[in-house]
Amino acid sequence: MKVTNVRMEKVQGDKVRFCADITWKGGQSTENAFVVWYEFPIHYESNIDVSGNAFLAATLFPAMKLGENLEIEAPVSPRLLQTVQEIMDVYASWYPALHRIEVSCTDENCPTYSMSGKAGTFFSAGVDSFYSLLKHRDTINDLFIIHGFDIPLADEYRFTRAFDAVQTVAREFGKQAVPVVTNVKQYVDQFVGFGSISVGALLASIGLGLGSRFQTVYIPSSMHYSDLYPRGTHPMTDRLWSTERTTLIHDGCEAKRIDKIMEIAKSEIALKTLRVCYMDLPGTYNCGKCEKCVRTMTALRIAGVLDKATAFEEKLTLDMVRKLPTSKHSARLFVRENIEILRKLDTDKPLLTALEQCYRANDPSAPLFKIKKFIHQADDRLLGGLVTKAVRTIR
């Protein structure tokens with residue numbers, strides 16, 4: 001696999017595009033080609049690190065999946081070239097389908113910059129990103145919201161609405177909202193899973209792309225230290241994408257999801273703009289029906305602020321809680337967290353009962369659970385989650 005022609009291009013309007021040409025064989029006689037690009041606001045043009053760092057993060061796992069050595073025709077951080085060896089060690093041990101490869105670049109020295117002291121964080125307006133913002137509100141300068149990850153590139157409406165909310169938050173905290181538009185996920189999804197393998201690397205690629213601006217970039221964590229398992233973003237590996245200039249920090253593992261909700265409950269702006277929904281439903285900000293919406297609304301009820309959380313228009317019912325799908329490992333962990341905190345608080349007995357019924361109904365050892373999990377995985381891999389979306393819409 002080769003990365004060539006790393007460059008910047010002006011885009012019509014007020015954006016600049018940072019891109020490179022990617023080619024690979026993939027066992028075929030002819031080469032495949034793809035142009036990976038990142039679009040930033042034009043006033044960030046001088047902050048773009050025109051090196052191979054971002055594209056190393058973007059292409060490593062596809063190359064490992066194909067078993068092709070990676071050649072980058074651009075300078076790369078010496079530190080990153082060293083730590084990428086450890087990244088390969090970790091992910092090859094977690095996922096046997098990934099193979100260790102040789103990584104090479106041009107002999108030029110990677111561009112260096114004076115330390116800016118600035119910090120940025122990825123900010124979707126979700127629970128994890130709000131927690132990191134509240135935790136580091138005095139040091140964070142910029143909030144990145146990405147178009148092309150959870151919100152598809154074709155969905156301009158949802159991104160515009162999400163960006164409006166991020167701008168509202170940025171104004172409230174005196175920060176800069178930075179829209180980042182990229183097709184890198186479209187490229188990487190051809191080879192490896194996003195949540196399971198590539199998400200941390202792709203977030204790092206964006207932070208490294210703006211490497212001349214940031215000394216610190218936070219990647220908000222989804223899991224508590226006690227619940228960690230192999231996945232695409234992890235405290236063991238996210239930090240390894242750092243360079244001499246920019247440090248990547250996997251942030252927030254010290255807090256469980258319910259602990260983060262308790263912090264968010266103190267912020268009026270968070271309750272107005274919190275965005276957790278992954279359903280692509282026209283005209284909705286949070287659908288109030290999907291697994292993420294229901295478990296977040298449940299946690300907000302535990303925190304005693306669900307009635308103040310105007311970001312959710314749907315009314316939470318105990319039946320919705322009982323039917324909460326927990327085929328994913330992380331979803332089951334979050335249900336368990338809510339049960340534990342309710343038992344400790346000894347409040348809201350009806351909600352506790354509904355959560356316990358949900359947890360028992362989704363026992364991984366039960367035959368029905370295994371059938372549900374098989375259907376969910378087949379739907380996710382073969383139909384892109386269409387069946388799940390249809391069921392949630394009907395509910």
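Now for a description of the structure that goes with this document. Everything quoted here is computed from the prediction, not taken from an experiment.

A closer look at the overall build of the protein
Turning to step 1, where the next piece is worked out: What the protein contains, in helices and strands, is 15 helices and 10 strands.
Turning to step 2, where the next piece is worked out: For 395 residues, the compact-globule estimate of 2.2 N^0.38 gives 21 Å, and the protein sits close to it at 21 Å.
Turning to step 3, where the next piece is worked out: In terms of overall dimensions, the protein has a C-alpha envelope of 65 × 50 × 35 Å along the principal axes.
Turning to step 4, where the next piece is worked out: A burial count over the protein gives 55% of its 395 residues as buried.
Turning to step 5, where the next piece is worked out: Residue pairs at least 24 apart in sequence account for 70% of intrachain contacts in the protein once pairs closer than 6 positions are excluded.
Turning to step 6, where the next piece is worked out: When the accessible surface of the protein is split by element, carbon and sulfur atoms take 51% of a total near 17,200 Å².
Turning to step 7, where the next piece is worked out: Of the side-chain charges in the protein, 49 are positive and 46 negative, and the distance between the mean point of each set is 7 Å.

Section: the pairing of strand E1 (residues 2-11)
Put simply, side chains in a regular strand alternate between the two faces of the sheet.
Turning to step 1, where the next piece is worked out: In terms of strand pairing, E1 meets strand E2 (residues 15-24) through 8 bridges, oriented antiparallel. Paired with Arg-7 across the two strands is Cys-19, which belongs to E2.
Turning to step 2, where the next piece is worked out: Between E1 and E2, which follow one another and run antiparallel, lie 3 residues, and Gly-13 among them has a positive phi close to 105°.
Turning to step 3, where the next piece is worked out: Sheet analysis places E1 next to strand E4 (residues 70-72), joined by 2 bridges and oriented parallel. Directly across from Val-3, in E4, lies its bridge partner Ile-72.

Details of the layout of surface pockets
Turning to step 1, where the next piece is worked out: Within this model, the second largest pocket holds a volume of roughly 390 Å³.
Turning to step 2, where the next piece is worked out: Lining the second largest pocket are 21 residues, and of these Asp-14, Lys-15, Pro-41, Phe-163 and Pro-179 sit closest to its centre.
Turning to step 3, where the next piece is worked out: Where the lining of the second largest pocket is concerned, the elements lending two or more residues are strand E3 (32-41), helix H4 (156-173) and strand E8 (176-182).
Turning to step 4, where the next piece is worked out: Among the elements that take part in the lining of the second largest pocket, H4 stands out by supplying 7 residues, more than any other.
Turning to step 5, where the next piece is worked out: Residue composition of the lining of the second largest pocket, grouped by class: 10 nonpolar, 5 polar and 6 charged.

Focus: a nonpolar patch on the surface
Turning to step 1, where the next piece is worked out: Taken together, the side chains of Ile-371, Phe-374 and Ile-375 define a hydrophobic patch exposed on the protein surface, amounting to about 330 Å² of accessible area.
Turning to step 2, where the next piece is worked out: The topology assignment puts Phe-374 in helix H14 (residues 367-382).
Turning to step 3, where the next piece is worked out: A residue is classified by how much of its surface remains accessible, and Phe-374, at 59% relative accessible area, is exposed.

Some points on the nonpolar core
In globular proteins that are soluble, nonpolar side chains generally tend to be buried together.
Turning to step 1, where the next piece is worked out: Among the nonpolar cores identified, the biggest contains 63 residues, and Tyr-38, Phe-40, Leu-60, Phe-61, Leu-70, Tyr-187 and Trp-241 are the most heavily contacted of them.
Turning to step 2, where the next piece is worked out: Here this core gets 9 residues from one element, more than from any other, and that element is helix H1 (residues 53-66).
Turning to step 3, where the next piece is worked out: Once you skip the residues sitting within four places of it in the chain, Tyr-187 turns out to touch Met-1, Ile-22, Trp-24, Phe-34, Val-36, Ala-58, Thr-59 and Pro-62.
Turning to step 4, where the next piece is worked out: Ranked by size, the runner-up nonpolar core spans 59 residues in total, among them Ala-125, Val-169, Tyr-285 and Val-321.

Describing the packing of aromatic side chains
Turning to step 1, where the next piece is worked out: As enumerated under the stated definition, the model contains 16 aromatic pairs in all.
Turning to step 2, where the next piece is worked out: Through successive ring pairs, a cluster of aromatic residues spans Phe-61, Tyr-91, Trp-94, Tyr-95 and Trp-241.
Turning to step 3, where the next piece is worked out: When the ring centre of Phe-194 is taken as origin, the NZ or CZ atom of Lys-185, which lies over that ring, is 5.0 Å away.
Turning to step 4, where the next piece is worked out: Over the ring of Tyr-359 we find Arg-332; its NZ or CZ atom is 3.8 Å from the centre of that ring.

Considerations on the pattern of salt bridges
Turning to step 1, where the next piece is worked out: All told, the structure shown has 25 salt bridges when counted by the stated rule.
Turning to step 2, where the next piece is worked out: Across the salt bridge formed by Asp-150 and Arg-275, the nearest N and O atoms sit 3.1 Å from each other. Of the two residues, Asp-150 is situated in the loop between strand E7 (142-147) and H4 and Arg-275 in the loop between helix H9 (268-273) and helix H10 (291-302); the sequence distance between them amounts to 125 residues.
Turning to step 3, where the next piece is worked out: Beyond isolated ion pairs, a larger network of salt bridges with shared partners links Asp-227, Lys-256, Arg-336 and Glu-340.

Quick word on the pairing of E8
Turning to step 1, where the next piece is worked out: E8 sits mainly inside the fold: 6 of its 7 residues count as buried.
Turning to step 2, where the next piece is worked out: The sheet contact formed by E3 and E8 spans 2 bridges and is antiparallel. What sits directly across from Tyr-38, in E8, is Thr-182.
Turning to step 3, where the next piece is worked out: When E7 meets E8, the two strands line up parallel, connected through 6 bridges. By the bridge assignment for E8, His-147 is matched with Val-181.
Turning to step 4, where the next piece is worked out: Remark: the E7/H4/E8 crossover connection has right-handed handedness.

Side note on unusual backbone geometry
Turning to step 1, where the next piece is worked out: With a phi close to 75°, Ala-125 is a non-glycine residue in the positive phi region.
Turning to step 2, where the next piece is worked out: Along the chain, the position of Ala-125 falls in the loop between strand E6 (118-122) and helix H3 (127-135).
Turning to step 3, where the next piece is worked out: Backbone geometry places Asp-348, a non-glycine residue, at a positive phi of 50°.
Turning to step 4, where the next piece is worked out: Structurally, Asp-348 is set in the loop between helix H12 (329-345) and helix H13 (349-361).

Looking at the packing of H1 against helix H6 (residues 194-209)
Turning to step 1, where the next piece is worked out: Two numbers describe how H1 lies on H6: the axes approach to 7 Å, and their chain directions differ by 170°. As the angle between them shows, H1 and H6 are arranged roughly antiparallel. Two packed elements cross with a definite hand, and for H1 against H6 that hand is left-handed. Side by side, H1 and H6 meet where Asn-53, Ala-54, Ala-57, Ala-58 and Phe-61 of the first sit next to Ile-197, Ser-198, Ala-201, Leu-202, Ser-205, Leu-208 and Gly-209 of the second.
Turning to step 2, where the next piece is worked out: Here the residues of the contact of H1 with H6 sort into 8 nonpolar, 4 polar and no charged.

Conventions and cut-offs
Residues numbered from 1 in each chain as written. Predicted model: local features only at pLDDT ≥ 70, side-chain atom pairs only at ≥ 80, totals over all residues. Heavy atoms only, no water. Helix = DSSP H or I, 4+ residues; strand = E, 2+ residues; numbered from the N terminus. Rg over C-alpha atoms; globule rule 2.2 N^0.38 Å. Buried < 20%, exposed > 50% of the residue type's maximum accessible area, 1.4 Å probe, protein only. Contact = heavy atoms within 4.5 Å. Areas by Shrake-Rupley, 256 points an atom, 1.4 Å probe, with all protein chains shown as cover. Lys, Arg positive; Asp, Glu negative; His and termini not counted. Charge placed at Lys NZ, Arg CZ, Asp CG, Glu CD. Pairing = 2+ DSSP bridges. 1 Å grid on protein atoms, 1.4 Å probe; cavity = no way out; pocket = protein on both sides within 12 Å on 5 of 7 lines; lining within 4 Å. Points joined across faces, edges and corners; volume = space filled by probe spheres on them. Nonpolar A, V, L, I, M, F, W, Y, C, P; charged D, E, K, R; others polar. Patch = residues over 30% accessible without salt bridge, like charges linked within 9 Å, V, L, I, M, F, W, Y side chains within 5 Å. Salt bridge = Lys/Arg side-chain N within 4 Å of Asp/Glu carboxyl O. Core = buried A, V, L, I, M, F, W, Y, C linked by side-chain atoms within 4.5 Å. Phe/Tyr/Trp six-rings, centres within 6.5 Å; stacked < 30°, edge-to-face > 60°. Lys NZ or Arg CZ within 6 Å of the ring centre and 35° of its normal. Right-handed = clockwise from strand over helix to strand, strands pointing away. Axes fitted to C-alpha atoms, helices over the stretch in contact; angles between N-to-C directions. Parallel < 35°, antiparallel > 145°, perpendicular 65-115°, else oblique. Left-handed = near helix turned anticlockwise from the far one by under 90°.

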